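A look at the structure
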Amino acid sequence: MKILKGIGYAVGLPTILVLFWAVATAGEANFFVPTPATLLATFAETWFGDRILSDVLPSIGRLIVGVTAAIIIGIVAGLLIGSVKWLRDLTEPVLEFFRAIPPPVLVPVLMLLMGITDSMKVVVIISGCIWPVLLNTIEGVRAIDGVLSDSAHTYGITGRARIRHLVLPSAGPQIMAGVRQCLSIGLILMVISEMFASSSGLGFTIVQFQRSFAIPEMWSGIVILGLIGVAMSFIFQFTERRILRWYHGLREVENAV
Amino acid sequence: MPSETTDKNNVTKPAPAGRTLQNNDAMLSVRGLKKVYQTDGGPIEAVRNLTFDLRAGELACLVGPSGSGKTTLLKCISGLMAPTEGQVLLDGVQVSGPPKKMAVVFQEYGRSLFPWMRVRENVELPLKNQRIPKAERDRLVDEALEAVGLSHVPMSYPWQLSGGMQQRVAIARAVAYQPEVLLMDEPFAAVDAQTRADLEDLIRTVWKKLGVTILFVTHDIDESVYLGERVIILSSSPTVIQEDLVIDLPAERDQLNTRSLPRFTELRHHVYEQIQLAKAGHRPAAAAR
Ligand SMILES: Nc1ncnc2c1ncn2[C@@H]1O[C@H](COP(=O)(O)OP(=O)(O)O)[C@@H](O)[C@H]1O
Ligand SMILES: [Mg+2]
């Protein structure tokens, strides 16, 4: 019953929106806005063929590699910078500088340096996704409770054990907030990295459709992006709830007081 | 440096410094300890000069007005902070970082347990970290939880428990760790009166059972007299020892009878007076330099 209710909530609003869309476009022949039926037909025809292998999966692959690398590098570097005061003082201004650079402007630069390769696209994704993870990790590490840290210290929990049992879990909520931002930036950069001088990928394909006035096809590409976003968000929420179960419980107790 | 004790039962002639012992008798020695904090607003001398010894298996209470440097002293003793001058010796060896034989229970129980670990994991972690084999670990954790009366909630998270229960988890963690010296920094300041009485008795039970050396910091005069074999009274900051007092109450103590003994009242009265003096800025003659 509870599950049914959950599903009801999840699909309720989308259903209403699609119905509204169907009604609004019914009988009308606006070239730029396809009907749901047209879109569905186009969708199947456009994507359930070669394009899955040649464009969709490679894009998703680069997205996964880029985002994963950004998360790992961000957390490791964040742990290091957050734990060492002089390193923090040293890197802070530089980090602010790099973070302020909008990653899309890096695309032409990286293209010159690395050529139009998969690695270039992955690097574009990493270069934009890493900041929220890195900065949040640094903040999370800095904000470790002094009493908790002293407790761990008096019980000889130092070095790797300290990272594992104290630093990582303690910074967990902050890190996960960074990861959430990282994912949405990743999707945007995946598209942008394929828009310049590329010859395959989701971003390239969508721009291509747009230029050749293949409007329903273009829309279907946008739908794919939306679906990828939803899937990422579900995976994120599922993982977050498992990792931070304690945190949500704690917050609930605190709020109840 | 005066280092001799006054007559055991004479509470009217206070010792100006803490009691010290002959070379090998001391479990814990504090020698000429001074701590000055360097802050933006200039140096703050929290502790001026403290010297005392704790015999192995002793239960001493440390009382002093708030801000008199009790926490500072404990942090120096536990190796979390280096003193500005002087030294701390544990079993004759100078303390330079948290020693393995020592456990600390902090006042802020809500912030000293890992909120991402269940009660049992919290108690077990220090043992795991020491690579104690599973079977022995399980036994120690079970015994400790049993001792503090928490065998029924091993799978709860600390934040699901009341304040008193959380502090008992922290005590269980310290007990399971089997320290030779246990430091406690106003551990019961934030729990309700009834729980507090229970926890006091728990400390005495644990102490007798394990033979551990305990330094118990409190700002509660009754608590210090009820718990300790000895009460070290601190002056106000910059801190020296106001008096080192022997508590000659019977070893068997219970909340009702002990607290209604005339001797308890006398001692309590005396400590109270000393604290008032300390607050008023009076300093023992020997330290008036
Ligand atoms: N980290 C610190 N930096 C500067 N001053 C401190 C610090 N910790 C404590 N103090 C000062 O040292 C004195 C003693 O503090 P504390 O040891 O916490 O006393 P108590 O535990 O007896 O209440 C106080 O005046 C306090 O303001
Ligand atoms: Mg204190």
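Residues numbered from 1 in each chain as written. Chains lettered and ligands numbered in written order. Predicted model: local features only at pLDDT ≥ 70, side-chain atom pairs only at ≥ 80, totals over all residues. Heavy atoms only, no water.

Turning our attention to the overall build of chain A. Scanning chain A for helices and strands turns up eleven helices and zero strands. In chain A, the succession of α and β elements from N to C terminus is α-α-α-α-α-α-α-α-α-α-α. Across its three principal axes, chain A shows a C-alpha extent of roughly 75 × 55 × 30 Å. Per-residue burial for chain A yields a buried fraction of 41% across its 257 residues. When contacts within chain A are restricted to residue pairs at least 6 apart in sequence, those whose partners lie at least 24 apart make up 76%. Per element, the accessible surface of chain A, about 14,400 Å² overall, is 71% carbon and sulfur. Computed over 18 positive and 16 negative side-chain charges, the inter-centroid distance for chain A is 7 Å. (Helix = DSSP H or I, 4+ residues; strand = E, 2+ residues; numbered from the N terminus. Buried < 20%, exposed > 50% of the residue type's maximum accessible area, 1.4 Å probe, protein only. Contact = heavy atoms within 4.5 Å. Areas by Shrake-Rupley, 256 points an atom, 1.4 Å probe, with all protein chains shown as cover. Lys, Arg positive; Asp, Glu negative; His and termini not counted. Charge placed at Lys NZ, Arg CZ, Asp CG, Glu CD.)

With that out of the way, let us pick up empty space enclosed by the protein. One water molecule sets the probe size; rolling that probe over the atoms shows where empty space is left. All names here are of chain B. As enumerated under the stated definition, the model contains two cavities of 30 Å³ or more in all. The space that makes up the second largest cavity amounts to roughly 50 Å³. What lines the second largest cavity is Thr71, Leu74, Lys75, Ser78, Leu80, Val104, Phe106 and Asp185. Considering every element that reaches the lining of the second largest cavity, the biggest residue donor is helix α1 (residues 70–77), with three residues. Looking at the lining of the second largest cavity residue by residue, the classes come out as four nonpolar, two polar and two charged. (1 Å grid on protein atoms, 1.4 Å probe; cavity = no way out; pocket = protein on both sides within 12 Å on 5 of 7 lines; lining within 4 Å. Points joined across faces, edges and corners; volume = space filled by probe spheres on them. Nonpolar A, V, L, I, M, F, W, Y, C, P; charged D, E, K, R; others polar.)

Right, let's talk about the side chain of Ser151(A) for a bit. Here Ser151(A) is to be found in helix α7 (residues 146–154). Exposure remark for Ser151(A): the relative accessible area of 1% places this residue in the buried category. Beyond its immediate chain neighbours, meaning those up to four positions away, Ser151(A) contacts Phe106(B), Ser112(B) and Arg173(B).

Moving on to the pattern of salt bridges. Any two side chains of opposite charge can pair, on the condition that their charged atoms come close. All names here are of chain B. If you walk through the whole model with that rule in mind, you get 31 salt bridges over all chains. Its salt-bridge partner being Glu252, residue Lys208 comes within 3.5 Å of it at the nearest N-O pair. Residue Lys208 is located in helix α6 (residues 193–210), and its partner Glu252 is located in the loop between β10 (239–246) and α8 (255–259); the two are separated by 44 residues in the primary sequence. For Glu252, a relative accessible area of 63% gives the class exposed. Residues participating in the shared-partner salt-bridge network are Arg196, Glu200, Asp220, Asp222, Glu223, Arg259 and Arg268. (Salt bridge = Lys/Arg side-chain N within 4 Å of Asp/Glu carboxyl O.)

Looking now at the domain arrangement of chain B. Residue and element names in this part refer to chain B. For chain B, the domain assignment lists domain 1 (2–101 + 180–246 + 272–288) and domain 2 (107–178). Inter-centroid distance (C-alpha atoms) of domain 1 to domain 2 is 26 Å. In this assembly, 17 residues from domain 1 lie in contact with 14 residues from domain 2. Taken together, the two surfaces of domain 1 and domain 2 that pack against each other cover about 1,200 Å², and 70% of this comes from carbon and sulfur. Three residues stand out in domain 1 for area buried against domain 2, namely Lys100, Leu199 and Leu202, and they jointly supply 30% of the buried area on that side. The tally of links between domain 1 and domain 2 comes to zero salt bridges. Where domain 1 packs against domain 2, one counts three residue pairs in polar contact (both at pLDDT 80 or more). Across the side of domain 1 that touches domain 2, the residue classes break down as twelve nonpolar, one polar and four charged. (Domains from an automatic or database assignment. Buried area = accessible area lost by both parts, 1.4 Å probe. Polar contact = N/O pair within 3.5 Å; in protein donor to acceptor, adjacent residues only side chain to side chain.)

Let us now look at the interface of chain B and chain A. At the junction of the two partners, chain B supplies 25 residues and chain A supplies 21 residues. For the chain B and chain A pair, buried surface summed over both sides reaches about 2,100 Å², with 69% attributable to carbon and sulfur atoms. A per-residue breakdown of the area chain B buries against chain A is headed by Arg111(B), Trp116(B) and Trp159(B), which together make up 33% of the total. Along the contact surface separating chain B from chain A lie six residue pairs in polar contact (both at pLDDT 80 or more). If you list the elements that add at least two residues to the side of chain B that touches chain A, you get β6 (102–105), α2 (109–112), α3 (119–129) and α5 (163–176) of chain B. Looking at the side of chain B that touches chain A residue by residue, the class counts come to 19 nonpolar, two polar and four charged.

This next bit is on the environment of Thr51(B). Residue and element names in this part refer to chain B. Tracing the backbone through its elements, the reader meets Thr51 in strand β2 (residues 42–55). Judged by its relative accessible area of 13%, Thr51 falls in the buried class. It is 32 Å that separates the C-alpha atoms of Thr51 and Val169, two residues lying 118 residues apart in sequence.

Paired through their backbone hydrogen bonds, the strands of a sheet run either parallel or antiparallel. Residues and elements named next belong to chain B. Strands sit in the order β5-β4-β1-β2-β10-β9-β3-β8-β7-β6 across an open sheet of ten strands; the sheet is mixed. Edge positions in the sheet fall to β5 (93–94) and β6, since each has one partner strand and no second. The strands touched by helix α9 (residues 262–279) are β3 (59–63), β9 (230–234) and β10; relative to β10, the strand with the most contacts, the crossing angle is about 170°. (Pairing = 2+ DSSP bridges. Axes fitted to C-alpha atoms, helices over the stretch in contact; angles between N-to-C directions.)

Another point: the confidence of the model for chain B. Residues and elements named next belong to chain B. Per-residue confidence for chain B averages 88 on the pLDDT scale, and 92% of its residues sit at or above 70. Taken together, the stretch residues 1–16 has pLDDT below 50 and engages in 29 contacts with residues farther than four places along the chain or on a different chain. Here the predicted complex scores 0.87 on pTM and 0.87 on ipTM. (pLDDT = per-residue confidence, 0-100.)

This part covers the side chain of Thr46(A). Residues and elements named next belong to chain A. In this structure, Thr46 sits in helix α2 (residues 36–47). Owing to a relative accessible area of 5%, Thr46 belongs among the buried residues under this scheme. Residue contacts for Thr46: discarding those within four places in its chain leaves Arg51, Phe209, Glu217 and Ser220.

The predicted model of chain A has a mean per-residue pLDDT of 89, with 99% of residues at 70 or higher. The spread of mean pLDDT over the elements of chain A runs between α2(A), the lowest at 82, and α7(A), the highest at 96.

Quick look at the site of ligand 1 now. Residues and elements named next belong to chain B. In the neighbourhood of ligand 1, the contacting residues comprise Tyr37, Thr39, Ile44, Ala46, Ser66, Gly67, Ser68, Gly69, Lys70, Thr71 and Thr72. One of the side-chain nitrogen or oxygen atoms of Tyr37 is found 3.4 Å away from a nitrogen atom of ligand 1. Protein chains bury 62% of the 560 Å² of accessible surface belonging to ligand 1 in isolation. For the shell around ligand 1, the secondary-structure elements that each account for two or more residues are β1 (26–39), β2 and α1. Residue contributions to the shell around ligand 1 peak at three residues, all from α1. The residue makeup of the shell around ligand 1, split by class, is three nonpolar, seven polar and one charged. (Near = heavy atom within 4 Å.)

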